[in-house]
Amino acid sequence: MSDRLPHEKGFHVSWDQIHRDARALAWRLDGKGPDGGAWRSVVAITRGGMAPAMIVSRELDIRVVDTISVKSYNHQDQSQPRVIKAPQAEIMGTDGEGVLVVDDLVDTGKTLELVRKLYPKAHFATVYAKPAGRAMVDTYITEVSQDTWIFFPWDMALQYVQPYRGAD
Ligand SMILES: O=P(O)(O)OC[C@H]1O[C@H](OP(=O)(O)OP(=O)(O)O)[C@H](O)[C@@H]1O
Ligand SMILES: O=c1[nH]c(=O)c2nc[nH]c2[nH]1
Ligand SMILES: [Mg+2]
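Residues numbered from 1 in each chain as written. Chains lettered and ligands numbered in written order. Predicted model: local features only at pLDDT ≥ 70, side-chain atom pairs only at ≥ 80, totals over all residues. Heavy atoms only, no water.

- Looking at an unreviewed UniProt entry, one finds the protein chain named Xanthine-guanine phosphoribosyltransferase, with Albidovulum salinarum as its source organism.
- Under Cofactor (unreviewed entry), UniProt gives the following word-for-word description of the protein chain: "Mg(2+)".
- Recorded in UniProt for the protein chain, the comment headed Subunit (unreviewed entry) runs: "Homotetramer." (UniProt positions renumbered as here; feature names shortened; annotations may be inferred.)

Right, here's the structure in full:
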């Protein structure tokens, strides 16, 4: 079970919103690679980082894209993160220099802490950030409070809701 604050608030993100925010992230990262140049590659932290990484790599015209799979949450319950699939060694080099590592969000920062230890010179970018993990991320777009759970469009579906003055 999680020992963190309960999530009192919900921040619901639509496909449209994540597309706009991931584009904003790409524009912020443009030309910020090694020596003020282009990034060598994009690595998505799966699974949540895949849609943002696709949008970022499309905007920045980066064709070399790989994944690192880190699992730590089962619904809202957190456990120790572990790498269950590593990216190609030749893409990462010895320390990740010039590689843009993209995730949907940083929460406690444990996922990024683990990946940072493996690739200390990579650049870490997320679309959303919570205060506890902010120090682990180099670039992000929007911050939400620690007691907010972010709901992504791939975890949601459109549903009927009763009118406020519903018939009983
Ligand atoms: O900063 P942290 O507290 O480590 O949490 C952030 C991580 O948690 C979520 O991934 P999750 O482990 O749920 O896997 P998923 O991306 O496959 O949904 C999210 O996509 C981040 O990768
Ligand atoms: O969908 C998610 N929303 C969150 O706020 C969160 N924090 C960690 N992992 C998360 N996954
Ligand atoms: Mg994830």
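Details of the sheet that holds strand S4 (residues 77–85)
- Judged by pairing direction, the sheet is mixed, and its six strands sit side by side in the order S4-S3-S2-S5-S6-S7 without closing on themselves. Of all strands in the sheet, those with a lone pairing partner are S4 and strand S7 (139–143), marking the two edges. Each strand of the sheet is rotated relative to its neighbour by a mean of 20°, with strand direction disregarded.
- Across five bridges, the pairing between strand S2 (residues 41–46) and strand S3 (residues 65–74) is parallel. Looking across to S3, one finds that Val43 is bridged to Asp66.
- Against the sheet, helix H1 (residues 15–29) engages strand S5 (99–106), strand S6 (123–129) and S7, with an angle of about 150° to S6. (Pairing = 2+ DSSP bridges. Helix = DSSP H or I, 4+ residues; strand = E, 2+ residues; numbered from the N terminus. Axes fitted to C-alpha atoms, helices over the stretch in contact; angles between N-to-C directions. Contact = heavy atoms within 4.5 Å.)

Description of the site of ligand 1
- Within the structure, ligand 1 sits among 15 residues, and Tyr73, Asp103, Asp104, Thr108 and Thr111 are positioned closest to it.
- At a separation of 3.1 Å, an oxygen atom of ligand 1 approaches a polar backbone atom of Ser72.
- The protein chains hide 87% of the 500 Å² of surface that ligand 1 would expose on its own.
- Looking at the shell around ligand 1, the elements with two or more residues in it are S3, S5 and helix H4 (110–118).
- When residues of the shell around ligand 1 are assigned to their parent elements, the largest contribution, four residues, is made by S5.
- When grouped by side-chain class, the residues that make up the shell around ligand 1 number three nonpolar, seven polar and five charged. (Near = heavy atom within 4 Å. Polar contact = N/O pair within 3.5 Å; in protein donor to acceptor, adjacent residues only side chain to side chain. Areas by Shrake-Rupley, 256 points an atom, 1.4 Å probe, with all protein chains shown as cover. Nonpolar A, V, L, I, M, F, W, Y, C, P; charged D, E, K, R; others polar.)

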